Amino acid sequence: MKIRVLSSFLLSLTFIFSMFSSTCSAQTESPVLAGATATSAPASTSAIPEAAPSAMNKSGMIAADKISAGDTAWMMTSTALVLLMTIPGLALFYTGMVRKKNALGTMAHSLATTCIVTVLWVVLGYSLVFTAGSPFLGSMDRFMLHGVSFLKEAGQLSVHQLAPTIPESVFLMFQMTFAIITPALITGAFAERMKFSALLLFITLWSLLVYVPVAHWVWEPAGWLAARGVLDFAGGTVVHINAGVSGLVAALIVGPRLGFGKEPMPPHNLLLTAIGASLLWVGWFGFNAGSAGAADGRAGLAMLVTQVATAMSALAWMFVEWLRRGKPSVLGIVSGAVAGLVAITPASGFVDLTGALVIGAVAGVACYWGSTSLKSMGGYDDSLDVFGVHAIGGIVGALLTGVFALKSIGGVDGSLATQAFGVIVTVIYSGAVTAIILWLLKVSIGLRVNKEEEREGLDLELHGEHIL
């Protein structure tokens with residue numbers, strides 16, 4: 001089994017890399033090294049507004065009248081939109097795809113993750129990601145949000161160097177929503193069979209040991225991948241490859257659901273899934289356009305290419321499924337839309353219309369293949385296609401960012417080789433550390449419910465409730 005899955009995964013990487021090899025030869029310019037200034041950092045808030053009084057090279061206190069009301073309002077709105085993506089968006093999207101007996105348990109995964117990561121972020125996570133520290137991990141300067149200040153009488157407040165026109169409290173809240181949705185995505189890979197206690201510990205450990213380091217490497221200007229020029233505007237590497245690879249590892253270690261491959265396991269309510277996907281689509285504008293860090297032209301372009309790539313990917317998935325299976329399904333259309341959202345995420349602040357159309361088209365086809373043919377070849381039970389959509393889509397988006405990134409838009413040139421390096425590093429680190437975390441939990445408290453509980457359903461057995 002493990003050999004088949006490894007072979008299938010390597011095949012997927014080969015498939016994606018081969019699609020762009022001819023384009024790679026045309027890439028002759030190297031990207032500008034990130035980290036020198038806030039404007040060159042390939043971070044989720046990499047764009048510093050043109051109206052900013054001056055570029056900052058470290059976080060600190062500024063006069064309150066230097067804050068942009070427009071930027072602040074947009075970033076608060078974006079924060080709410082990204083939170084909407086997890087609750088209720090992802091919660092409904094996943095809940096509709098499982099069997100009825102596990103619907104509430106699946107929704108509990110998203111709700112519990114939101115609560116756990118919120119506390120972890122303000123206590124420790126934000127400081128370890130978004131302070132300079134070392135190239136590999138931030139410092140404890142913002143432990144318990146020490147130094148995040150608003151002094152009304154003095155007319156001062158703290159800001160982060162990556163977003164100097166909004167309060168630091170808004171910046172850290174926006175980044176918190178990314179930290180929330182990333183581990184929540186992973187839960188779809190082992191839906192319908194993991195202990196709730198094991199889930200809580202896994203989310204805690206994974207957030208601190210996997211998400212925090214990778215986010216620091218890519219999004220903090222002092223991070224070593226940022227310094228190498230790896231581009232990730234809004235989370236293709238940090239969020240989607242990270243979550244997708246971890247999802248595959250989790251599906252392998254937790255093991256398949258009882259009856260997998262032998263009995264049908266259809267979604268119990270595709271209406272919930274379609275509503276959840278629609279909320280994800282709308283919320284994603286905060287995810288991508290909000291990652292400009294300001295209400296400016298780059299945010300507007302990021303919003304536009306997000307819409308275009310998503311629509312193109314949904315159409316690509318729909319037509320491929322139509323050709324192969326004879327009918328275009330609603331589940332296929334919304335899955336294609338999510339694949340497009342995933343793939344355009346790292347590129348959204350760097351590409352134009354052409355890049356958006358190509359990225360969307362490739363993502364729709366590649367993620368359809370990853371969720372059907374590759375999954376069948378591998379024989380693994382990734383319940384809700386976390387790997388097929390998020391890892392494959394994230395890899396497509398990350399690589400094509402290197403192909404289509406325009407310096408005139410993002411201030412940096414793209415490099416396919418640099419993007420591939422970032423992908424490989426993330427795949428190896430995320431996969432290895434996730435495996436260690438799950439192995440430790442497996443030998444200590446166990447990962448799975450027992451067979452009787454799984455047959456009865458997690459709603460009743462773990463949460464003492466059920467839906468009619």
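Residues numbered from 1 in each chain as written. Predicted model: local features only at pLDDT ≥ 70, side-chain atom pairs only at ≥ 80, totals over all residues. Heavy atoms only, no water.

- If you look the chain up in an unreviewed UniProt entry, it shows as Ammonium transporter from Undibacterium umbellatum.

Topic: helix 9 (residues 297–325)
(1) Moving on: Compared with an ideal rise of 1.5 Å per residue, which puts 29 residues at 42 Å, helix 9 spans 42 Å between its outermost C-alpha atoms and is within 8% of the ideal.
(2) Moving on: Where helix 9 begins, the capping side chain belongs to Asp 296, and its oxygen is found 3.3 Å from the backbone nitrogen of Arg 298.
(3) Moving on: Two residues or fewer past helix 9, Gly 326 is found with a positive phi of approximately 90°. (Helix = DSSP H or I, 4+ residues; strand = E, 2+ residues; numbered from the N terminus. Expected span 1.5 Å × (residues − 1). Polar contact = N/O pair within 3.5 Å; in protein donor to acceptor, adjacent residues only side chain to side chain.)

Observations concerning the pattern of salt bridges
(1) Moving on: Summed over the entire model, instances satisfying the criterion amount to 8 salt bridges.
(2) Moving on: Among the salt bridges present, the one from Glu 263 reaches Arg 99, with a minimum N-O distance of 3.9 Å. Of the two residues, Glu 263 sits in the loop between helix 7 (236–254) and helix 8 (270–289) while Arg 99 sits in the loop between helix 2 (69–97) and helix 3 (103–130), which places them 164 residues apart along the sequence.
(3) Moving on: Residue Glu 263 is classed as partly exposed on the basis of its relative accessible area, which comes to 42%.
(4) Moving on: Among the residues examined, Arg 99 registers a relative accessible area of 14% and is labelled buried.
(5) Moving on: For Lys 375, the salt bridge goes to Asp 385, with nearest N and O atoms at 3.0 Å. (Salt bridge = Lys/Arg side-chain N within 4 Å of Asp/Glu carboxyl O. Buried < 20%, exposed > 50% of the residue type's maximum accessible area, 1.4 Å probe, protein only.)

What about the packing of aromatic side chains?
(1) Moving on: On inspection of all chains with the given rule, the structure shows 19 aromatic pairs.
(2) Moving on: Their ring planes at 85° and their centres at 6.0 Å tell us that Phe 190 and Phe 202 sit as a pair that is edge-to-face. Of this pair, Phe 190 sits in the loop between helix 4 (168–186) and helix 5 (196–219) while Phe 202 sits in helix 5, and the two are 12 residues apart along the sequence. For the pair shown, Phe 190 and Phe 202 are each scored as buried.
(3) Moving on: Summarising the aromatic geometry, the rings of Trp 284 and Phe 287 are spaced 5.2 Å apart at their centres and angled 55° between planes, so their arrangement reads as tilted. Within this pair, Trp 284 and its partner Phe 287 are both found in helix 8, separated by 3 residues, close to a single helical turn. As far as burial versus exposure is concerned, Trp 284 and Phe 287 are alike and both buried.
(4) Moving on: In textbook terms, an aromatic cluster arises when at least three aromatic residues are bridged by ring pairs, as seen for Phe 136, Trp 217, Trp 224, Phe 421 and Tyr 429.
(5) Moving on: If you follow Arg 228 out to its NZ or CZ, it ends over the ring of Phe 421, 4.1 Å from the centre.
(6) Moving on: Sitting over the face of the ring of Phe 350, Arg 298 holds its NZ or CZ atom 5.1 Å from the ring centroid. (Phe/Tyr/Trp six-rings, centres within 6.5 Å; stacked < 30°, edge-to-face > 60°. Lys NZ or Arg CZ within 6 Å of the ring centre and 35° of its normal.)

Observations concerning a nonpolar patch on the surface
(1) Moving on: A contiguous nonpolar patch, built from Ile 436, Trp 439, Leu 440 and Val 443 and spanning about 430 Å² of accessible area, is present on the exposed surface.
(2) Moving on: Position of Val 443 among the secondary structure elements: in helix 15 (residues 416–444). (Patch = residues over 30% accessible without salt bridge, like charges linked within 9 Å, V, L, I, M, F, W, Y side chains within 5 Å. Areas by Shrake-Rupley, 256 points an atom, 1.4 Å probe, with all protein chains shown as cover.)

Description of the packing of helix 2 against helix 4
(1) Moving on: Across the interface, helix 2 lies against helix 4 with an axial gap of 9 Å and an inter-helix angle of 15°. Relative to helix 4, helix 2 is oriented roughly parallel. For the pair helix 2 and helix 4, the sense of crossing is left-handed. Mapping the contact onto sequence places Thr 72, Met 75, Met 76, Ser 78, Thr 79, Val 82, Leu 83, Met 85, Thr 86, Leu 90 and Tyr 94 in helix 2 and Val 170, Met 173, Phe 174, Thr 177, Phe 178, Ile 180, Ile 181, Ala 184 and Leu 185 in helix 4.
(2) Moving on: Class assignment of the residues belonging to the contact of helix 2 with helix 4 gives a composition of 15 nonpolar, 5 polar and no charged. (Axes fitted to C-alpha atoms, helices over the stretch in contact; angles between N-to-C directions. Parallel < 35°, antiparallel > 145°, perpendicular 65-115°, else oblique. Left-handed = near helix turned anticlockwise from the far one by under 90°. Contact = heavy atoms within 4.5 Å. Nonpolar A, V, L, I, M, F, W, Y, C, P; charged D, E, K, R; others polar.)

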